[in-house]
Amino acid sequence: MTLQHLNRRLHLYLALSLSPWFLMYGVSSYVFSHPAYFQELDKSKGPLWTKVLERDYDVPVPQGDLRPLGAQIMKDAGLSGAFGAYRQGPNQINVYVYTFLQSTQAKYFLDKKKLVVEDRRFRFDQFLTGMHAKGGFEQDRIQDTLWGIVVDLVCLGFILWIVTGLVMWWSLPSTRGWGWVALLGGVASFALFMFRL
Amino acid sequence: MSKILRRIHMYLALFLTPWVLMYTISTFMMNHREWFQHLWGKGQPGWTPERTAEFRGQFPDNAAPREKARILLTALDMDGTFNVQQQGNEHGPFAVIRQHPANERRVTLNPETSKVTIERREFRWNHFFERFHRRRGYQHDYLTEDFWAASVDFFVLAMVFWVLSGLWLWWELKVTRVLGAAALLSGIAIFLIFLRTT
């Protein structure tokens, strides 16, 4: 097997194995770019959030990091998934619990000493944007860490596609002229955007 | 047909290489946000004074903050995408953030003295790439922004085209079908496992 051959095969098999991610990032980017359109599509489908639990609740609120409190609220409400805790106002702490197929928010009203849990109706556009935006290594669950590693692998995949693609282009002398036009045209357009935006 | 597909696949990729690179680097930086914050600093980058100026123009009566901001930016030859923060009542000082991926500025006008302070956002690579990554949509008033949004849509179309044309080109290479199918199906299987468990 020659180096040229190896390069082609790497380009191909890498693309095939990462194609679900490639497709997901592509289609979800379209949703991000046209939020008003998808909002309009969903308008007639009724409320997005449905209350599933309301109960008396009283736990101390720490001054700094709200993540331990978020974990406790999730445990007390029987929730699981990746989550983030933030202060919605002086008297409200929200815990947003997210999995690819299901989103839930727990609202802790400090002054009323109440905990309200709401489920979000499934929306395909939000399912796509949720997958697109998911990443990082802050969560404790192993599957979230593994997803973060896959995001890194996809990044590496993109870099390898560029490198192997450039090698394949260069090995076809008849395409070099138009290839330069395309490459330099892309670089010039991008640079123009960078300075004019 | 096959040759045409190959050529479009390749020339499109060459043209869009800067977009692929930008989205890749920015995704990596966002995936390791804490590490890059540790490296370059947490929170929003600070503002560095750049210059002061005097605003000699006038705002129409009852002008909305966005209208005033646009008049101010045009007078300073800085027109472009912005957001505006009015402090206090409508006669109080107001600040305009002139958005830019690399060179963001804050323009603050004190209407009582007509003095304008222009500050530049401290440059950080992670913020630069993240801002660029998130820039999209047709909600702005500027043609350049619409062109950028169109380029993002074009990039999305290209991604879908690369997948579909790649599948076609793979299927034509009979010797790669078995290993290719293994790669494709294992990718789909792993993706579905994540979908069910994450």
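What you see is a predicted model, and the numbers here were worked out from it, not measured in a lab. (Residues numbered from 1 in each chain as written. Chains lettered and ligands numbered in written order. Predicted model: local features only at pLDDT ≥ 70, side-chain atom pairs only at ≥ 80, totals over all residues. Heavy atoms only, no water.)

(A) Region of the structure containing the overall build of chain A. Within chain A, the regular secondary structure consists of six helices and five strands. When the helices and strands of chain A are read in sequence order from the N terminus, they spell out α-α-β-α-β-β-β-β-α-α-α. The globule rule puts the C-alpha radius of gyration for 197 residues at 16 Å, and the 23 Å found for chain A is more than 25% above it. In chain A, which comprises 197 residues, the proportion classed as buried is 46%. Within chain A, contacts between residues at least 6 apart in sequence are counted, and of these 51% link residues at least 24 apart. For chain A, the centre of its 20 positive side-chain charges and the centre of its 15 negative side-chain charges are spaced 8 Å apart. (Helix = DSSP H or I, 4+ residues; strand = E, 2+ residues; numbered from the N terminus. Rg over C-alpha atoms; globule rule 2.2 N^0.38 Å. Buried < 20%, exposed > 50% of the residue type's maximum accessible area, 1.4 Å probe, protein only. Contact = heavy atoms within 4.5 Å. Lys, Arg positive; Asp, Glu negative; His and termini not counted. Charge placed at Lys NZ, Arg CZ, Asp CG, Glu CD.)

(B) Layout of the packing of helix 1 (residues 2–15) of chain B against helix 6 (residues 143–172) of chain B. All names here are of chain B. In contact at an axis separation of 10 Å, helix 1 and helix 6 are set at 140° when each is read in the N-to-C sense. Accordingly, the angle class assigned to the pair helix 1 and helix 6 is oblique. The handedness of the crossing between helix 1 and helix 6 is left-handed. Contacts between helix 1 and helix 6 involve Ser2, Leu5, Arg6, Ile8, His9, Leu12, Ala13 and Phe15 from the first element and Phe154, Ala158, Phe161, Trp162, Ser165, Gly166, Trp168, Leu169 and Glu172 from the second. (Axes fitted to C-alpha atoms, helices over the stretch in contact; angles between N-to-C directions. Parallel < 35°, antiparallel > 145°, perpendicular 65-115°, else oblique. Left-handed = near helix turned anticlockwise from the far one by under 90°.)

(C) Region of the structure containing empty space enclosed by the protein. Residue and element names in this part refer to chain A. Tallied over the entire structure, the rule returns one cavity of 30 Å³ or more. Considered as a void within the structure, the largest cavity measures approximately 70 Å³ in volume. Forming the boundary of the largest cavity are Tyr98, Thr99, Phe100, Leu101, Gln102, Ser103, Arg120, Arg121, Phe122, Arg123, Gln126 and Phe127. Classifying every residue of the lining of the largest cavity gives five nonpolar, four polar and three charged. (1 Å grid on protein atoms, 1.4 Å probe; cavity = no way out; pocket = protein on both sides within 12 Å on 5 of 7 lines; lining within 4 Å. Points joined across faces, edges and corners; volume = space filled by probe spheres on them. Nonpolar A, V, L, I, M, F, W, Y, C, P; charged D, E, K, R; others polar.)

(D) Spatial organisation of the interface of chain A and chain B. Taken together, the contact pairs 61 residues of chain A with 58 residues of chain B. Summing the contributions of chain A and of chain B, the shared interface buries around 5,100 Å²; its carbon and sulfur component is 77%. Scanning the region where chain A abuts chain B turns up zero salt bridges. The interface formed by chain A and chain B contains eight residue pairs in polar contact (both at pLDDT 80 or more). Considering each element in turn, the side of chain A that touches chain B owes the most residues, 17 residues, to helix 1 (residues 3–33) of chain A. Looking at side-chain class alone, the side of chain A that touches chain B contains 36 nonpolar, 18 polar and seven charged residues. (Buried area = accessible area lost by both parts, 1.4 Å probe. Salt bridge = Lys/Arg side-chain N within 4 Å of Asp/Glu carboxyl O. Polar contact = N/O pair within 3.5 Å; in protein donor to acceptor, adjacent residues only side chain to side chain.)

(E) Structural view of the domain arrangement of chain B. Residues and elements named next belong to chain B. Considered domain by domain, chain B is made up of domain 1 (2–40 + 128–197) and domain 2 (47–122). The centre of domain 1, based on its C-alpha atoms, is set 37 Å off from the matching centre of domain 2. Each side of the interface is counted separately: domain 1 has eight residues, and domain 2 has 12 residues. Both faces considered, domain 1 and domain 2 share a buried interface measuring about 870 Å² in area, 47% of it formed by carbon and sulfur atoms. Area buried by domain 1 at its contact with domain 2 is led by Arg131, Arg135 and Tyr142, which between them contribute 66% of it. A salt bridge links Glu104 to Arg131; the shortest N-O distance between them is 3.7 Å. Inspection of the domain 1/domain 2 interface yields six residue pairs in polar contact (both at pLDDT 80 or more). Broken down by element, the residue count for the side of domain 1 that touches domain 2 peaks at three residues, all from helix 5 (residues 125–134). Within the side of domain 1 that touches domain 2, the residues separate by chemical class into three nonpolar, one polar and four charged. (Domains from an automatic or database assignment.)

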